[in-house]
Structures are given as structure tokens and as C-alpha cells.
Amino acid sequence: MFVVDSPIGPLGVTVVGDTVVNVRFGARPGPSASHPAAAQLTSYFAGELTDFTVPFELRGGSEFERAVWAEIAKIPYGEMTTYGAIATALGDPGAARAVGTACNHNPVPVIVPCHRVVGAGGKMVGFGGGLDRKRKLLELEARVALARAWG
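Everything numeric here is computed off the predicted structure, so don't read it as measured data.

What counts, and at which threshold
Residues numbered from 1 in each chain as written. Predicted model: local features only at pLDDT ≥ 70, side-chain atom pairs only at ≥ 80, totals over all residues. Heavy atoms only, no water. Helix = DSSP H or I, 4+ residues; strand = E, 2+ residues; numbered from the N terminus. Rg over C-alpha atoms; globule rule 2.2 N^0.38 Å. Buried < 20%, exposed > 50% of the residue type's maximum accessible area, 1.4 Å probe, protein only. Contact = heavy atoms within 4.5 Å. Areas by Shrake-Rupley, 256 points an atom, 1.4 Å probe, with all protein chains shown as cover. Core = buried A, V, L, I, M, F, W, Y, C linked by side-chain atoms within 4.5 Å. Expected span 1.5 Å × (residues − 1). Arc of directions from axis to C-beta. Salt bridge = Lys/Arg side-chain N within 4 Å of Asp/Glu carboxyl O.

Regarding the overall build of the protein
Point 1. Scanning the protein from terminus to terminus reveals 5 helices and 5 strands.
Point 2. Going from N to C terminus, the protein has its helices and strands arranged as β-β-β-α-α-β-α-α-β-α.
Point 3. Relative to its length of 151 residues, the protein is compact, with a C-alpha radius of gyration of 15 Å against a globular reference of 15 Å.
Point 4. Its C-alpha atoms give the protein principal-axis dimensions of about 45 × 40 × 25 Å.
Point 5. Within the protein, buried positions represent 41% of all 151 residues.
Point 6. Put simply, 60% of the contacts in the protein that link residues at least 6 apart link residues at least 24 apart.
Point 7. Split by element, the accessible area of the protein, about 7,700 Å² in all, is 54% carbon and sulfur.

Considering the nonpolar core
Point 1. One finds L41, Y44, F45 and I72 to be the most contacted residues of the largest nonpolar core, which totals 38 residues.
Point 2. Of all the secondary-structure elements, those providing two or more residues to this core are β1 (2-4), β2 (11-16), β3 (19-25), α1 (36-45), α2 (63-73), α3 (83-89), α4 (96-104) and α5 (131-150).
Point 3. When residues in this core are grouped by element, the largest group, 5 residues, is from α1.
Point 4. Apart from the residues lying within four places of it in its own chain, the contact partners of L41 are V4, L11, V13, F52, V110 and I111.

Considering α5
Point 1. Here α5 spans 28 Å end to end across 20 residues, near enough to the 28 Å set by a 1.5 Å rise per residue.
Point 2. Listed as buried for α5 are K134, L137, L138, L140, E141 and V144. Down the axis of α5, the buried set is contained in an arc of 155°. They therefore lie on one face. In α5, the exposed residues that point more than 90 degrees away from the buried face are R143 and W150.
Point 3. In the core, the buried residues of α5 are packed alongside α1, α3 and β5 (117-118).
Point 4. One or two steps after α5, the chain reaches G151, where phi turns positive at roughly 60°.

Considering the pattern of salt bridges
Point 1. Inspection of every chain in the model, using the stated rule, returns 4 salt bridges.
Point 2. Ionic pairing is found between E57 and R59, a salt bridge with its closest N-O pair at 3.2 Å.
Point 3. Notably, a salt bridge pairs K136 with D132, separated by 3.3 Å at the nearest N-O pair. Of the two residues, K136 and D132 are both situated in helix α5; the distance of 4 residues between them amounts to about one turn of the helix.
Point 4. K136 gets classed as partly exposed once you look at its relative accessible area, which sits at 36%.
Point 5. Overall, D132 belongs to the partly exposed group, its relative accessible area being 45%.

Below is the structure:
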């Protein structure tokens, strides 16, 4: 594991070879690394990277959780969707809360952007890293998306 300093606090990143298998919020200060994941996370937080290309593996999780994570991975940078919309996309419109739980179990947050999932009407609810981190991630992406759109 290595630690990436970020505007939302230190992130603990676990890799197996070149593949990211876990990202953890609130990591204790620790060793940094010259791993591609560290470079990409740093570039993301600097507003320079909008699509992660570092290999990652979504380990564990139920079949439903893995389906939710796959849907989350499709959300474009700077955009948001709701828990209900993901539940509907998976064929169970009543499963919004279960989608929220699956988001909370996402093993590679930020890279698989569960912060882009919000409550009905855009309400800021739930996030394994805390709402303050979620807000900061969404604000970062909104600023960068606007700057790129308006040149």
C-alpha cells in the first residue's frame, strides 16, 4: 500500500502488480510511490485528468454490487446520476437504497466514481468518504468540466 496526498485527505492505495485493488479514504500518512495510480490520482486532483486508465480490479462484492459498480463506472466525468436511476438501469427501480449500499462498498472510489451518484433531485446524500469529500470531488469535476467547455 502507498499513500497519495490529496485535497480530500490522504488516500491509501493498494496495488497488486500494476492493478489497483483498493482505494481507502483517511489513510494514515505513509509511503508514497512512483506508481501510475499515484500519478493519475495526483493529475485528477490537479484537474488535469478526467479519465483514469490505470488498471483496476473490483474484488469481492455480490453480483448486485458488481452490477452497480459497472454502472457507476459508466458515469462521465463532471456528470451525476441518481441511486434510483442506477436501480432502474439494473431493472429494479425500488432498489435505490441497495444501490447506495453497493456504492458504499465500492473498493476503488474516485477511480470508479461513486461520488457521482446522488439522491433524487440532486440531493447530497451518502458517501463512504463522507459528504464533505463527496462535495469536494463533485465541485472539482464541475470546475474542470466548465473550464474545458468554455475554454
